[in-house]
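Results of the structural survey
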2 protein chains.
Amino acid sequence: MPCKSVILTGDRTTGPLHLGHYAGSLRNRVALQHSHRQYLLLADAQALTDNAHDPARIARNVIEVATDYLAVGIDPAVTTICVQSALPALAELTLLYLNLVTVARLERNPTIKDEIQARGFGRDIPAGFLCYPAAQAADITAFRATLVPVGEDQAPLIEQTNEIVRRLNRQVGHDLLPEARSLIPEIGRLPGVDGRAKMSKSGGNALPLSASDAEIAASVQRMYTDPGHLRASDPGRVEGNVVFTYLDAFDPDPEEVAGLKAHYRRGGLGDAVLKGRLTGILCDLLGPIRERRAAIARDRDHVMDVLRTGTARAQALTTQTRDAVRDALGLFRL
Amino acid sequence: MPCKSVILTGDRTTGPLHLGHYAGSLRNRVALQHSHRQYLLLADAQALTDNAHDPARIARNVIEVATDYLAVGIDPAVTTICVQSALPALAELTLLYLNLVTVARLERNPTIKDEIQARGFGRDIPAGFLCYPAAQAADITAFRATLVPVGEDQAPLIEQTNEIVRRLNRQVGHDLLPEARSLIPEIGRLPGVDGRAKMSKSGGNALPLSASDAEIAASVQRMYTDPGHLRASDPGRVEGNVVFTYLDAFDPDPEEVAGLKAHYRRGGLGDAVLKGRLTGILCDLLGPIRERRAAIARDRDHVMDVLRTGTARAQALTTQTRDAVRDALGLFRL
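Computed from a prediction, not measured in an experiment: that's the story for all the values here.

1. Digging into the packing of aromatic side chains
On inspection of all chains with the given rule, the structure shows ten aromatic pairs over all chains. When the ring of phenylalanine 244 of chain B is compared with that of tyrosine 264 of chain B, the centres are 5.2 Å apart and the planes differ by 70°; the resulting orientation is edge-to-face. In this pair, phenylalanine 244 of chain B is assigned in helix α11 (residues 242–250) and tyrosine 264 of chain B in helix α12 (residues 254–266), connecting sequence segments 20 residues apart. Pairwise contacts between aromatic rings join Phe121, Phe129 and Tyr132 of chain A into one cluster.

Here is the structure:
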C-alpha cells in the first residue's frame, strides 16, 4: 500500500464555524480523513497575529472550533486535532525560517498584501502578521504535510512554504522536507446570506453550524435572489442568485436543481418555492450537526481529552521534525 | 537582604571572544556575578539571524564562547550559562511579542537601522534580523532581567523591550513583567590593535583570549601610536594613540599612566618603552586566562556539563515566565 498523503489544515480560532466553513472545507475533511493522514490545527497562535488585543476570545474559541469539528463528523481516531500554541516546535521552526526569507519577500506576498489592505493596517502592521507566512511554513513542514487545502487566494502561502523548503533542502544537500501542494476546493467560497462575497460572523451574514430551524428559515427568507424578479411569472436570473448558489452547494439532487434553474429563467417559478426547498435542505443538513454539537458541548471533558491526545501526538511529530531540521543544519546539540 | 538585581547578558556565538570582549564586558561579569543573579546567554539563535548560511560555525562557537567564559573566571556555581536555541520558551515569547510591535516600529529602531547598513543588507534583510529586537525582549523578560549590560549603540533595544513590557502590563492590568535598565560600561569600546574603532576577529585586528606571548608582543608592536612622533625626543599625541587607550584600559597603575602621558606629550619618551610596558601587562593578564582556557578546552565533557546544568535551570525559569505570560493574557491552556 502506498504511503498516504499527509494533509494539514485547520482554522484560526476567532469564532465558531459556520455554513461557509462546512461547504468550503469541513465536509471535504470528513470525506478525506480515511484516505489520508489528516492533521487539523486549531490555529490560536496565528489568530493572535491580528487579535493580540483580545486573546481571551481566541482561547475561548479553541474549544468551540474543536466542538464544531467533532459535530460535523471529524473522527479523532483517524484525524489528529491539535492546538497550535501548545506546540513549541512550531515557534522554534518559525524563528529559524524567518532567517531564510527576506522582509521584501514577505511584503511582496500577494496574500499578505491583500490581507493587510483588507484589515486596514496601513503602516501599523503587527510584525507577527507580516511574518505569518513563515509560521505557516513551519506548520506545514513540521507535520511533513504534502497536501494543504486552501482557498485560491491562499495559494501564494504554499509557494512561500515551498521556497523555504527548497532553500533548506539545497543548504543541507538532500530532501530533508517535502514540498507541499495546494488542494483548492471545487466549490468556491460560499457567499453570505445577504449575497456579499464572503460569509463571516463579523459580517452578520453567516449561518452558524448551531443554527436552529427557525434561524435557518429566517436567513433563507432574507436571502438575496434576483431584484428584477418581482412576480413568480417573471423570468428570473440564476447567476448571482444566492438561493441557487446555495442549492448548487447543498442540494443532493443536481438534476432537479438544473430543472429548477431552467424553470426560473423562463418564468413561472416563485422565490418562495425555491426558498422553501433550500430551507428544508439546510434544516436536514444542520439539524443532526446541531444536535451532535449540543451533546458534545455538554461533555467538555471529552473535547479536552481529544485535544490532549491529538496535541500529544502532534508534539511528538513536530519535535521530531524540529530535531531533524536542527541536526541537518548542524545546530548545536546539548 | 534585598532581592538581587537580575542581569541578563551574553554573546552571539560567531567566534571565540577576544580582548575587546574582556575589556568591555567579561571582566564586569566576573566582578558582578557575586552581587547579582547573572545569566549568560550563548546567543546561537540570534547569531543565525544573519548567519543562516553557516549554522555549523555558530554551533561550533557555542563551546568556544563557553570555554572563554570559564577561562576568564565566570563561576558556573553562581552564574547560569545557557544555550539560547535550547530554550523553546524564548521562541514562543518572541512570536507572542511580534504581535505587539509593528513592522514600522522595528524599522525605526536606530540599532537595527545602523546594523542593517553595517551589514550591507540593502532590501534583502532577513526577516529574522528585522525581528530580533522582539527576540531580545523575549530573552530579557523570560529571565525577568532588570539590568542588561549593553553598549551605548544597543540602548534602543532595551527601550524596545520596555515598550513591549509596558504594553503587556497595561493589557493584563498588573506588573506582570519588570522593565529593564541598560547598564552601559564605563570603559567604551576598545579599538582594534590597528586603531580602527572596533576590534573584531573578521577585521583581523583582534587579540584572542588564547593569544600567546609572542602574538601579544607582535600585536602591540604593530599598534598605531602617533604618526608624527618620529623620534623619541619629539612631543607625542596621547589622544587617539592606541597604546595609551590600552594602558588606560588595562594598566593596574593609573597614576603611573598619567605620568607617562605627561612625559610623552612633552617629548623624550619612545614608543618602544610604552609598547614594552603594554606587552608585559597584557601578557600578565592573558597568560593565566590562556592556560586556564587550554586546560578547560581539554575537558569538553566538563563544559558540556556546565551547559546542560545551566540550560536546565534556564529552561525551568523561562518556561515559568512563558506560562505566566500566557495565563495572564488568558491564552488557551490544555
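2. Examining the relation of the copies chain B and chain A
The operation relating chain B to chain A is a screw motion whose rotation component is 180°, with 0.0 Å of axial translation and a residual RMSD of 0.0 Å. Taken together, the rotation and translation describe the operation of a two-fold axis. Taken together, the interface assignments show that 100% of the residues at the interface of chain B recur at the interface of chain A, consistent with an identical surface on both copies.

3. A few points about the interface of chain B and chain A
Each partner contributes to the interface: chain B provides 52 residues, whereas chain A provides 53 residues. Overall, the association of chain B and chain A removes approximately 3800 Å² of surface from exposure, summing both partners, and the carbon and sulfur fraction of that is 68%. The three residues of chain B that bury the most area against chain A are Asn99, Phe332 and Leu334 of chain B, which together make up 19% of that side's buried surface. Put simply, chain B and chain A have zero salt bridges between them. On the surface where chain B and chain A come into contact, there are twelve residue pairs in polar contact (both at pLDDT 80 or more). Secondary structure elements with two or more residues in the side of chain B that touches chain A: α2 (44–48), α3 (55–72), α4 (88–98), α5 (103–108), α7 (127–130), α9 (155–172) and α14 (300–329) of chain B. Within the side of chain B that touches chain A, the residues separate by chemical class into 31 nonpolar, ten polar and eleven charged.

4. Thoughts on unusual backbone geometry
Only a minority of non-glycine residues have a phi that is not negative, and only a minority of peptide bonds are not trans. Positive phi is not limited to glycine here, since arginine 144 of chain A has a value of about 55°. Within the element layout of this structure, arginine 144 of chain A appears in the loop between α8 (132–142) and β4 (147–149).

5. Some details on helix α13 (residues 271–298) of chain A
For α13 of chain A, spanning 28 residues, the distance from its first C-alpha to its last is 39 Å, which sits close to the expected 40 Å at 1.5 Å a residue. Its axis deflected by about 30° at leucine 286 of chain A, α13 of chain A carries its strongest bend there, up to four residues before the proline proline 288 of chain A.

6. Quick look at helix α6 (residues 110–118) of chain B
Residue and element names in this part refer to chain B. For α6, the complete set of buried residues consists of Thr111, Ile112, Glu115 and Ile116. Burial along α6 is one-sided: seen end-on, the buried residues are contained in an arc of 130°. The exposed residues of α6 that point more than 90 degrees off its buried face are Asp114, Gln117 and Ala118. Directly after α6, the chain includes glycine 120, whose backbone phi takes a positive value near 65°.

The rules behind the values
- Residues numbered from 1 in each chain as written.
- Chains lettered and ligands numbered in written order.
- Predicted model: local features only at pLDDT ≥ 70, side-chain atom pairs only at ≥ 80, totals over all residues.
- Heavy atoms only, no water.
- Phe/Tyr/Trp six-rings, centres within 6.5 Å; stacked < 30°, edge-to-face > 60°.
- Helix = DSSP H or I, 4+ residues; strand = E, 2+ residues; numbered from the N terminus.
- Least-squares fit on C-alpha atoms with pLDDT ≥ 70 in both.
- Contact = heavy atoms within 4.5 Å.
- Buried area = accessible area lost by both parts, 1.4 Å probe.
- Salt bridge = Lys/Arg side-chain N within 4 Å of Asp/Glu carboxyl O.
- Polar contact = N/O pair within 3.5 Å; in protein donor to acceptor, adjacent residues only side chain to side chain.
- Nonpolar A, V, L, I, M, F, W, Y, C, P; charged D, E, K, R; others polar.
- Expected span 1.5 Å × (residues − 1).
- Bend = angle between axes of the 7 residues up to and from the residue.
- Buried < 20%, exposed > 50% of the residue type's maximum accessible area, 1.4 Å probe, protein only.
- Arc of directions from axis to C-beta.

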